[in-house]
Each structure stands twice: as C-alpha cells, then as structure tokens.
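Overview (structure and organization)
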Amino acid sequence: DGGITQSPKYLFRKEGQNVTLSCEQNLNHDAMYWYRQDPGQGLRLIYYSQIVNDFQKGDIAEGYSVSREKKESFPLTVTSAQKNPTAFYLCASSPRTGGTYNEQFFGPGTRLTVL
Amino acid sequence: AQSVAQPEDQVNVAEGNPLTVKCTYSVSGNPYLFWYVQYPNRGLQFLLKYITGDNLVKGSYGFEAEFNKSQTSFHLKKPSALVSDSALYFCAVSSLSGGYQKVTFGTGTKLQVIP
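What chain A contains, in helices and strands, is zero helices and eleven strands. Start at the N end of chain A and walk to the C end: the helices and strands fall as β-β-β-β-β-β-β-β-β-β-β. What you see for chain A is a C-alpha radius of gyration of 13 Å, in line with the 13 Å of a compact globule of 115 residues. Counting only C-alpha atoms, chain A reaches 40 × 25 × 25 Å along its principal axes. Expressed as a percentage of its 115 residues, the buried residues of chain A come to 50%.

Here is the structure:
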C-alpha cells in the first residue's frame with residue numbers, strides 16, 4: 001500500500017472510550033488525510049493536513065481530533081463524542097505541489113468496532 | 001460544490017468481455033478526475049487520472065478511461081475483463097479549495113467478473 005502504514009488493523013472500543021489510530025508514511029509527502037468509509041457512502045473526509053503543525057477540519061470532523069507534530073505521522077483520535085464510530089478508517093497522503101492533480105496514496109485501513 | 005455520481009452499485013460482466021464502470025461529475029472550473037480500485041479490507045489504489053489532453057487516458061492493469069466534457073462523464077473501461085478485476089471501484093474529482101486539494105469520491109461500484 002505504497003509506503004503508508006496504519007495500525008492497528010482491527011480495533012475494538014467500548015462506548016465512552018477514546019481510541020487513537022496510527023498513520024505513518026515514508027513517502028516524504030507534505031499532505032495527509034483521514035477518511036471514513038461506510039458501506040454505500042464512499043469516502044468522507046474527516047481531517048487533512050498540508051504541513052507540520054497545521055491541520056483543517058473536513059466534512060465530518062465532529063467527534064474526531066488529530067495532530068501533526070511530525071511530517072511522517074498523522075494520528076487520529078476517535079473520541080467518545082463521536083456517536084457512531086464503527087467504520088473503516090483510511091489514511092492517505094499526497095505530494096503538495098500547489099497543483100490539483102496529485103493522486104493520493106492510501107494505507108491499508110483500520111477497522112474500528114464499538115462494542 | 002463538486003460532486004461525483006456512480007449510478008451503478010454493482011456491475012456484472014463475464015470474463016473476457018469488455019467492461020464499463022460509469023462516472024459523472026460536477027465541478028466548477030477544469031475537472032481533474034481519478035479512478036481508484038479497492039480490494040476487500042484494503043486501502044485504495046490509484047488506477048489513472050485525467051488532467052488535460054487526450055480524452056482517452058490509459059492506466060494500470062489494462063484499464064483506461066474516457067473523458068467526455070459535454071456529458072461530464074469519465075467512464076472506466078477495459079477491453080477484456082479478468083476475474084482478478086473483481087473489486088470496488090471509486091471515481092473521484094479534485095479541485096483547489098482554500099489552497100488545498102479537495103477530493104470528492106463517488107459511492108463506489110462493485111465490479112463482479114464471472115468466470
């Protein structure tokens with residue numbers, strides 16, 4: 001999956017707990033993204049970051065938080081405020097050259113299940 | 001606002017027959033279009049993209065896509081389907097939004113190639 005690793009592959013959470021999903025890339029990409037995938041809904045953007053120490057909310061940021069302290073790392077925390085967190089989470093990265101035509105490279109995903 | 005429509009949830013095709021997966025888009029300005037493939041429980045893999053130039057774009061694994069500006073379509077095609085092509089296919093459109101590359105994905109089309 002192109003130099004992006006996500007861990008863990010499967011994650012189980014009890015209601016009321018915060019959990020953190022890891023995303024690491026060795027592609028030297030500036031931009032990183034978190035998506036949520038639900039059946040029949042495609043991918044929805046949670047957060048994105050164009051550069052270290054900067055990140056922006058995507059379309060469905062409520063109940064999630066991120067940090068970007070290092071270029072290669074973009075962890076996602078699913079908080080207890082997220083009402084329906086069971087989903088498949090995908091991290092992606094791309095070069096940031098100012099253009100709009102860069103394909104994204106995806107990690108293998110983390111499947112989160114709330115018990 | 002930009003959007004992508006994939007009108008078919010599933011496409012079935014016999015092995016060896018040509019396949020088409022449909023995609024239409026809506027975006028202000030020039031369209032930058034992508035196709036990705038996803039195998040079960042995996043991240044997305046980039047197949048091909050249209051930036052400018054020839055309306056027929058060739059990509060990985062023998063896939064190609066035809067850009068039609070008047071019909072705002074970007075259909076994915078392959079002359080001869082393989083069983084191994086069975087997967088989930090996503091169309092995406094990209095544009096600049098606030099200085100970052102905003103990507104909107106379709107809901108996906110499941111391709112089933114029947115032996």
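And the narrative resumes.
Here the focus is the interface of chain A and chain B. The accessible area lost on association of the parts is a frequent measure of interface size. Contact with chain A, which involves 26 residues of that partner, is made by 25 residues of chain B. Carbon and sulfur atoms supply 50% of the area that chain A and chain B bury against each other, a total of about 2100 Å² over both sides. For the pair chain A and chain B, the interface holds two salt bridges. The closest approach of N and O atoms between A:E103 and B:K49, which form a salt bridge, is 2.7 Å. For the pair chain A and chain B, the number of links is four residue pairs in polar contact (both at pLDDT 80 or more). Listing elements by their share of the side of chain A that touches chain B, those giving two or more residues are β4 (31-37), β5 (43-51) and β9 (87-94) of chain A. Element by element, the count of residues in the side of chain A that touches chain B is highest for β5(A), at four residues. Each residue belonging to the side of chain A that touches chain B can be placed in one class, and the counts come to ten nonpolar, eleven polar and five charged.

Bringing the state of the cysteines into the picture now. Put plainly, a disulfide is one covalent bond tying together the sulfur atoms of two cysteines. Counted under the stated rule, the structure contains two disulfides over all chains. One disulfide bridge connects A:C23 with A:C91, the sulfur atoms lying 1.9 Å from each other. The disulfide joining A:C23 to A:C91 has a torsion of about -75° about its S-S bond and is therefore left-handed. On the criterion of sequence distance, the pair formed by A:C23 in strand β3 (residues 19-25) and A:C91 in strand β9 is long-range, its members being 68 residues apart. The pair A:C23 / A:C91 is uniform in exposure class, with both members buried. Shown here is the disulfide that connects B:C23 with B:C91, its sulfur atoms set 2.0 Å apart. Every disulfide takes its handedness from the sign of the S-S torsion; for B:C23 and B:C91 that torsion is -65°, giving left-handed. Residue B:C23 is found in the loop between β3 (19-21) and β4 (24-26), and its partner B:C91 is found in strand β10 (residues 87-97); the two are separated by 68 residues along the sequence. In this structure B:C23 comes out as buried when scored by relative accessible area, which is 0%.

Considering soluble globular proteins, one finds that nonpolar side chains tend to be buried as a cluster. Residues and elements named next belong to chain B. In terms of nonpolar packing, the biggest core is built from 27 residues, with W35, L47, L48, F74, L76 and Y89 touching the most fellow members. Counting residues per element, the ones that place at least two in this core are β2 (10-14), β3, β5 (32-38), β6 (44-50), β8 (64-68), β9 (73-78), β10 and β12 (109-114). Among the elements that line this core, the one with the most residues is β10, at four residues.

The next point concerns the sheet that holds β3(A). Residues and elements named next belong to chain A. Here four strands make up an open sheet; going across it, the order is β1-β3-β8-β7 and the pairing antiparallel. Sheet topology places β1 (4-7) and β7 (64-66) at the edges, where each strand pairs with a single neighbour. Neighbour to neighbour, the strand axes of the sheet diverge by 20° on average, direction disregarded. Judged from the three bridges that link them, β7 and strand β8 (residues 76-78) form a sheet pairing that is antiparallel. For S65, the partnering residue across the bridge sits in β8 and is T77.

Rules used throughout
Residues numbered from 1 in each chain as written. Chains lettered and ligands numbered in written order. Predicted model: local features only at pLDDT ≥ 70, side-chain atom pairs only at ≥ 80, totals over all residues. Heavy atoms only, no water. Helix = DSSP H or I, 4+ residues; strand = E, 2+ residues; numbered from the N terminus. Rg over C-alpha atoms; globule rule 2.2 N^0.38 Å. Buried < 20%, exposed > 50% of the residue type's maximum accessible area, 1.4 Å probe, protein only. Contact = heavy atoms within 4.5 Å. Buried area = accessible area lost by both parts, 1.4 Å probe. Salt bridge = Lys/Arg side-chain N within 4 Å of Asp/Glu carboxyl O. Polar contact = N/O pair within 3.5 Å; in protein donor to acceptor, adjacent residues only side chain to side chain. Nonpolar A, V, L, I, M, F, W, Y, C, P; charged D, E, K, R; others polar. Disulfide = S-S within 2.5 Å. Core = buried A, V, L, I, M, F, W, Y, C linked by side-chain atoms within 4.5 Å. Pairing = 2+ DSSP bridges. Axes fitted to C-alpha atoms, helices over the stretch in contact; angles between N-to-C directions.

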